[in-house]
Amino acid sequence: MTGLVGGEAPGGRGGAATGASAPYIAPGATLGVIGGGQLGRMFVHAAQSMGYRTAVLDPDPLSPAGLVAHEHIRAAYLDPLALDRLGERCAAITTEFENVPAAALATLAQRRPVAPSAAAVSVCQDRLAEKAAFARSGVACAPHAAISTPRDVERAADALLPGILKTARLGYDGKGQRSVADRAGLAQAFAALGSAPCVLEKRLPLAAEISVVVARNANGEGVHLPVQDNVHVDGILAVTRVPARAHIADATQAEAVALATTLAEALDYVGVLCVEFFVLADGSLVANEMAPRPHNSGHYSIDACDLSQFELQVRAMTGAPLFAPRLHSPCVMLNLLGDLWNGATAPDWRDVLTLPGAHLHLYGKEEARPGRKMGHLTITAASAVDAEARAADAARRLGLAATAGFAATGLAPPIGLAAI
Ligand code: AIR
């Protein structure tokens, strides 16, 4: 199950689907996505390569997905005319961003298949609802408390400190999060987050962070990508390795897949769902959060698997057969954040493009801001050792290895090259 392949979800009726009862939407139809960021852009690429027309709803005239779709509806997510037009145009609709209101999906669902459902998305959009869903499925998560008022700040249990204060809604890529050491810090962080409803989570000693991307269709058939081994720097994903490194036991990975599958089934989920887990020192798993869409940690699947998370998103929403993705090349994915840009000037990519197995993905974002995801680089190789060495080389060539916090990724300078 683990190692080089993904698989059929345990307990699911996965693998090649036969006798599917949900309607199949054939190529030629238009598929819609609400949200026009990089995840929407990679969905559009996958849908187009499979012969679908595409429509994107996003207010930003320069949204990465809007720029490449057949049609870009430039309007607010809840604009009734825009939703009407999307519903009229599209045979099925999906989403790509937690900021897309679930109500927009609910409106469209009156008319067209929407995957994932508004109900599933709304659970994933609210950290408290998400933790309640974990609890209902018997999935452990970090000790936590709701913090909505100054009184909650005073009353929070000492045992939750030091902790991390996270806004209950709308946080992504490290946004809406503050590390807090003590109660005074908690009060400051709550004020800094605009006194919005928050969740205080106890800071746990992590041995590793992993994630599982599952895909499930309307017939209840599920598959998953191989488990991702992730390293975050400053709350933003920096590096994903697949296969996971040796300190993440096969049994731990198998358990993560089983838990992610249980959650997808409990939500009666249709589409692509990513569940992030903390691995504690004793190998036990604690669920961190769920994303109701493809995930940054699954981007490697475009270049390293025979079925990508974006193609899975298309297949799940169109009722096409699902098969278990197979990792054909060990890989390391490096995120390319706006910090690498010098003002409006991008790095000179030529140096990194000389590396065999380097797959560069740039999202076409106009403005490079620190911490903003501008692209990613996946290095595929014949062995995990080679992928690791070449990724370290790529990080050095890009100047990534010299950035603050990069040492935490564990990517060592390649043998034979001067220490970074
Ligand atoms: N995204 C969604 N949740 C987490 C992330 N990273 C993607 C989506 C969204 C885009 O990031 O594709 O549309 C927003 O990126 P930005 O840089 O414009 O904030």
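Residues numbered from 1 in each chain as written. Predicted model: local features only at pLDDT ≥ 70, side-chain atom pairs only at ≥ 80, totals over all residues.

Visitor: Describe the pairing of strand β18 (residues 373-380), and please don't skip the residues or the numbers.
Guide: A large share of β18 lies buried, amounting to eight of its eight residues. Strand direction decides the pairing type here: strand β16 (residues 331-337) and β18, joined by seven bridges, are antiparallel. When the sheet's bridge partners are listed, Cys331 is paired in β18 with Thr380. Bridge count for strand β17 (residues 358-362) against β18 is five bridges, and the pairing is antiparallel. Within β18, the position partnered with His361 by the bridge is His376. (Buried ≥ 20, exposed ≤ 12 C-beta atoms within 10 Å, placed from the backbone. Helix = DSSP H or I, 4+ residues; strand = E, 2+ residues; numbered from the N terminus. Pairing = 2+ DSSP bridges.)

Visitor: So, the packing of helix α2 (residues 80-89) against helix α3 (residues 102-109): which residues are in play, and what are the values?
Guide: Following both chains from N to C, one finds α2 and α3 inclined at 50 degrees, their axes separated by 10 Å at the closest point. On the basis of their axis angle, the class for α2 and α3 is oblique. The interaxial crossing formed by α2 with α3 has right-handed handedness. Where α2 abuts α3, its residues Leu83, Leu86 and Gly87 lie against Ala104, Thr107 and Leu108. Tallied by class, the residues present in the contact of α2 with α3 amount to four nonpolar, two polar and no charged. (Axes fitted to C-alpha atoms, helices over the stretch in contact; angles between N-to-C directions. Parallel < 35°, antiparallel > 145°, perpendicular 65-115°, else oblique. Left-handed = near helix turned anticlockwise from the far one by under 90°. Contact = placed C-beta atoms within 7 Å. Nonpolar A, V, L, I, M, F, W, Y, C, P; charged D, E, K, R; others polar.)

Visitor: So what's going on with the site of the ligand? Which residues, and what values?
Guide: Around the ligand, 13 residues are found, and the nearest of them are Gly37, Leu39, Phe97, Tyr172 and Arg372. The residue inventory of the shell around the ligand, partitioned by class, reads three nonpolar, five polar and five charged. Composition of the shell around the ligand by domain shows at least three residues from each of domain 1 (4-114) and domain 3 (204-418). (Near = placed C-beta within 6 Å. Domains from an automatic or database assignment.)

Visitor: Talk me through helix α12 (residues 384-398); I want residue IDs and the actual numbers.
Guide: Taking 1.5 Å of rise per residue, the 15 residues of α12 would be expected to cover 21 Å, and the 21 Å separating its terminal C-alpha atoms lies within 8% of that figure. The buried fraction of α12 amounts to twelve of the 15 residues, a majority that puts the element mostly inside the structure. Buried within α12 we find Ala384, Ala387, Glu388, Ala389, Arg390, Ala391, Ala392, Asp393, Ala394, Ala395, Arg396 and Arg397. (Expected span 1.5 Å × (residues − 1).)

Visitor: Give a description of unusual backbone geometry that names residues and reports values.
Guide: Put simply, Ala115 and Pro116 share a cis peptide bond, and its omega is 0 degrees. Here Pro116 lies in the loop between α3 and α4 (118-124). A cis amide bond links Val242 with the next residue in sequence, Pro243, at an omega value of 5 degrees. With respect to the helices and strands, the residue Pro243 is situated in the loop between β13 (236-242) and α8 (250-266). Of note in this structure, Leu170 is not a glycine but carries a positive phi near 70 degrees. Considering the arrangement of structural elements, one finds Leu170 in the loop between β7 (163-167) and β8 (177-180).

Visitor: Which residues make up the environment of Gly220, and what values do they have?
Guide: The topology assignment puts Gly220 in the loop between β10 (206-216) and β11 (222-224). By the C-beta count within 10 Å, which is 18 here, Gly220 ends up partly exposed.

Visitor: Just give me the short version of the sheet that holds strand β9 (residues 198-202), but keep the residues and values in it.
Guide: Spatially, four strands are ordered β6-β9-β7-β8 in an open sheet, and the strand pairing comes out antiparallel. Sheet topology places β6 (144-147) and β8 at the edges, where each strand pairs with a single neighbour. Geometrically, the sheet is characterised by an average inter-axis angle of 25 degrees between neighbouring strands, direction not taken into account. Pairing geometry for β6 and β9, over four bridges, is antiparallel. Note on β9: the bridge partner recorded for Ala145 is Leu200.

Visitor: Explain the nonpolar core to me, and be specific about the residues and the numbers.
Guide: Val275 and Leu334 are the most contacted members of the largest nonpolar core, which totals 105 residues. In terms of residue count, the dominant contributor to this core is α12 (seven residues). Taken together, domain 1 (4-114) and domain 3 (204-418) each give at least three residues to this core, which thus spans both. Setting aside residues no more than four positions away along its own chain, Leu334 makes contact with Val239, His376, Leu377, Ala391, Ala394, Ala395 and Leu400. If you look at the next biggest cluster of nonpolar residues, it comprises 14 residues, including Ala156, Leu186, Ala189 and Phe190. (Core = buried A, V, L, I, M, F, W, Y, C linked by C-beta atoms within 7 Å.)

Visitor: Break down the domain arrangement of the chain for me, citing the residues and quoting the values.
Guide: Each assigned domain of the chain is listed here: domain 1 (4-114), domain 2 (135-202) and domain 3 (204-418). At the junction of the two partners, domain 2 supplies ten residues and domain 3 supplies 13 residues. When grouped by side-chain class, the residues that make up the side of domain 2 that touches domain 3 number four nonpolar, three polar and three charged.

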